[in-house]
Amino acid sequence: MIISSGRQFLFVHIPKTGGTALSLALEGRAMKDDILIGDTPKAKARHKRQRTQFPHIRMNKHANYSVAMRLDEDVPSYYCFTLVRNPWDRLVSYYHWLRVQSFSHRAVTLAQTLPFAAFIRAPSIMASLKLNNYASYMSGAQDAHFLRLEHLETDLLPLWEHLGFSLSPIAQVNTSERKADYRSYYTDADAEHARLLLAADVQQFAYSFS
């Protein structure tokens with residue numbers, strides 16, 4: 001997450017949507033009072049100061065709009081945006097990211113012990129994905145902007161206009177060790193299961209499996 005009172009924007013980082021690359025680009029032009037939350041270099045450098053400034057607020061890189069409101073009461077007047085990604089593609093990315101993690105979490109254990117088809121049918125994974133749909137991260141925002149990863153350079157244009165400068169092109173980072181074509185991971189039954197599981201995201205942003 002990035003909150004910039006100086007440039008009046010809020011960036012909410014939804015997991016596995018390409019947010020780290022955009023965070024790195026934005027923090028390259030960060031102002032001294034910007035709130036940077038995450039594992040990028042400047043965010044790490046400001047972590048201690050921000051924890052002291054907001055001791056009672058739990059902050060993590062994927063914090064949602066409601067957390068941002070607690071950190072800066074002027075957030076509703078800012079340009080508020082986030083990134084979204086084809087849900088089928090994101091699910092593959094999430095699975096492969098979990099498979100190489102070493103921290104203790106049920107999702108990590110499931111990804112490292114189950115094939116993809118079984119992983120996306122695990123009850124705890126299904127519940128988490130349904131609860132944390134894209135819109136949930138921006139719940140409460142009156143004018144939220146959802147930028148599509150697949151059309152990023154075009155969708156970023158209003159942000160560059162707001163900032164008064166452009167940071168394009170955004171370099172790709174944190175790529176997973178996986179096949180490029182997400183469709184190769186799905187049978188027809190798996191793709192339909194994922195469509196139903198991620199129906200809110202599919203419908204809101206008109207994504208399709210193909």
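It should be noted that the structure appears before, not after, this text.
Predicted, not measured: the structure shown is a model, and the values here were computed from it. (Residues numbered from 1 in each chain as written. Predicted model: local features only at pLDDT ≥ 70, side-chain atom pairs only at ≥ 80, totals over all residues. Heavy atoms only, no water.)

A. Looking closely at the overall build of the protein chain. Scanning the protein chain for helices and strands turns up 12 helices and 5 strands. Computed over its C-alpha atoms, the radius of gyration of the protein chain comes to 17 Å, within 12% of the 17 Å expected for a compact globule of 210 residues. Judged by the C-alpha coordinates and their principal axes, the protein chain covers about 50 × 35 × 30 Å. Counting across all 210 residues of the protein chain, residues that qualify as buried make up 48%. (Helix = DSSP H or I, 4+ residues; strand = E, 2+ residues; numbered from the N terminus. Rg over C-alpha atoms; globule rule 2.2 N^0.38 Å. Buried < 20%, exposed > 50% of the residue type's maximum accessible area, 1.4 Å probe, protein only.)

B. Inspection of empty space enclosed by the protein at higher detail. One pass over the full model with this rule turns up 2 cavities of 30 Å³ or more. The computed volume of the largest cavity comes to approximately 80 Å³. As for the largest cavity, its lining consists of 13 residues, of which S23, I37, G38, D39 and T40 are closest to the centre. Counting residues per element, the lining of the largest cavity draws most heavily on helix α1 (residues 19-27), at 3 residues. Reported here for the second largest cavity is a volume of approximately 40 Å³. Forming the walls of the second largest cavity are R7, F9, L26, R29, A30, D34, L163, F165 and L167. Considered class by class, the residues forming the lining of the second largest cavity number 6 nonpolar, no polar and 3 charged. (1 Å grid on protein atoms, 1.4 Å probe; cavity = no way out; pocket = protein on both sides within 12 Å on 5 of 7 lines; lining within 4 Å. Points joined across faces, edges and corners; volume = space filled by probe spheres on them. Nonpolar A, V, L, I, M, F, W, Y, C, P; charged D, E, K, R; others polar.)

C. Up close: the nonpolar core. Among the nonpolar cores identified, the biggest contains 48 residues, and M1, I3, L10, L71 and Y186 are the most heavily contacted of them. A per-element tally of this core places helix α4 (residues 87-99) first, with 5 residues. Aside from chain neighbours lying at most four places away, what touches Y186 is W88, L91, V92, F116, A191, A194 and F209. Membership of the second largest hydrophobic core comes to 21 residues, among which are L36, F81, L156 and I170. (Core = buried A, V, L, I, M, F, W, Y, C linked by side-chain atoms within 4.5 Å. Contact = heavy atoms within 4.5 Å.)

D. A look at helix α11 (residues 188-197). Of the positions making up α11, those classed as buried are D190, A191, H193, A194 and L197. Across the axial projection of α11, the buried residues extend over an arc of 160°, all falling on one side. Exposed positions of α11 whose direction lies more than 90 degrees from the buried face are D188 and L196. In this fold, the buried residues of α11 make contact with α4, α6 (116-119), α7 (123-131) and α12 (199-205). (Arc of directions from axis to C-beta.)

E. Representation of the pattern of salt bridges. The full count for this structure, using the stated rule, is 8 salt bridges. As a salt-bridge pair, R148 and D155 come within 2.8 Å of each other at their nearest N and O atoms. Overall, the relative accessible area of 13% leaves D155 in the buried class. Bridged by salt links that share partners, the residues R85, D89 and R178 form one connected network. (Salt bridge = Lys/Arg side-chain N within 4 Å of Asp/Glu carboxyl O.)

F. Molecular detail of the environment of V173. Its place among the elements puts V173 in the loop between α10 (157-163) and α11. A sequence separation of 12 residues divides V173 from Y185, and the C-alpha atoms of the two residues are 22 Å apart. Setting aside anything within four residues of it in sequence, one finds V173 in contact with T20, A21 and L24.

G. Examining the layout of surface pockets more closely. Put simply, the second largest pocket is a space of about 160 Å³. It is helix α2 (residues 41-53) that contributes the most residues to the lining of the second largest pocket, 5 residues altogether. A class-by-class count of the residues in the lining of the second largest pocket yields 4 nonpolar, 4 polar and 4 charged.

H. How the structure looks around the environment of H151. With respect to the secondary-structure elements, H151 resides in the loop between β5 (144-148) and α9 (152-155). The class for H151 is partly exposed, based on a relative accessible area of 41%.

I. Here's a closer look at the packing of aromatic side chains. Counted according to the given criterion, the structure contains 14 aromatic pairs. Where F116 meets Y186, the ring centres are 5.1 Å apart and the plane angle is 90°; that geometry is what we call edge-to-face. Remark: Y186 occurs in the loop between α10 and α11 and F116 occurs in helix α6; sequence separation between them is 70 residues. For Y186, a relative accessible area of 10% corresponds to the buried category. Connected via pairs of aromatic rings, a cluster forms that spans W88, Y94, Y95, F116, F119, Y182, Y185, Y186 and F209. Geometry around F165 places R29 over its ring, the cationic atom sitting 3.8 Å from the centre. The side chain of K179 reaches across the aromatic face of Y185, ending 5.7 Å from its centre. (Phe/Tyr/Trp six-rings, centres within 6.5 Å; stacked < 30°, edge-to-face > 60°. Lys NZ or Arg CZ within 6 Å of the ring centre and 35° of its normal.)

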